[in-house]
Amino acid sequence: MGEVVNLNRARKDRAKAAARATAAANRATHGRTKAERAQTESERRRAARLLDGARREDGDDLA
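A few points on the structure. Keep in mind the model is a prediction, meaning the values are calculated, not measured. (Residues numbered from 1 in each chain as written. Predicted model: local features only at pLDDT ≥ 70, side-chain atom pairs only at ≥ 80, totals over all residues. Heavy atoms only, no water.)

Comments concerning a positive patch on the surface
A surface patch of like charges, here positive, comprises Arg 11, Lys 12, Arg 14, Lys 16 and Arg 20. Its location among the elements puts Lys 12 in helix α1 (residues 7-30). Of the residues examined, Lys 12 reaches a relative accessible area of 39% and is grouped as partly exposed. (Patch = residues over 30% accessible without salt bridge, like charges linked within 9 Å, V, L, I, M, F, W, Y side chains within 5 Å. Areas by Shrake-Rupley, 256 points an atom, 1.4 Å probe, with all protein chains shown as cover. Salt bridge = Lys/Arg side-chain N within 4 Å of Asp/Glu carboxyl O. Lys, Arg positive; Asp, Glu negative; His and termini not counted. Charge placed at Lys NZ, Arg CZ, Asp CG, Glu CD. Helix = DSSP H or I, 4+ residues; strand = E, 2+ residues; numbered from the N terminus. Buried < 20%, exposed > 50% of the residue type's maximum accessible area, 1.4 Å probe, protein only.)

A word on the pattern of salt bridges
The tally for this structure, following the rule as stated, stands at three salt bridges. A salt bridge links Arg 9 to Asp 13; the shortest N-O distance between them is 3.4 Å. Here Asp 13 and Arg 9 lie together in helix α1, a separation of four residues that amounts to about one turn. With a closest N to O distance of 2.5 Å, Arg 44 and Glu 41 form a salt bridge. Residue Arg 44 and its partner Glu 41 are located together in helix α2 (residues 34-54), separated by three residues, close to a single helical turn. For Arg 44, a relative accessible area of 48% translates into the label partly exposed. Look at Glu 41 and you get partly exposed, because its relative accessible area is 29%.

Concerning the environment of Glu 57
Checked against the element boundaries, Glu 57 lands in the segment after α2. What makes Glu 57 exposed here is its relative accessible area of 74%. Separated by 33 residues in sequence, Glu 57 and Ala 24 have C-alpha atoms that sit 42 Å apart.

This is the structure in structure tokens:
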């Protein structure tokens, strides 16, 4: 025979786990120093420039 489960408690536990996951993501995003945020932004911009530089032009010289 299985264990008796209180459905209200299970629902609340699931909501708390989701809230903890959201809080952890927010801490990772917002809990950084200004220098760390600036470094991440510069890395993102550098990657975008690299990608744009490698993009091929759509030209008529293919025909």
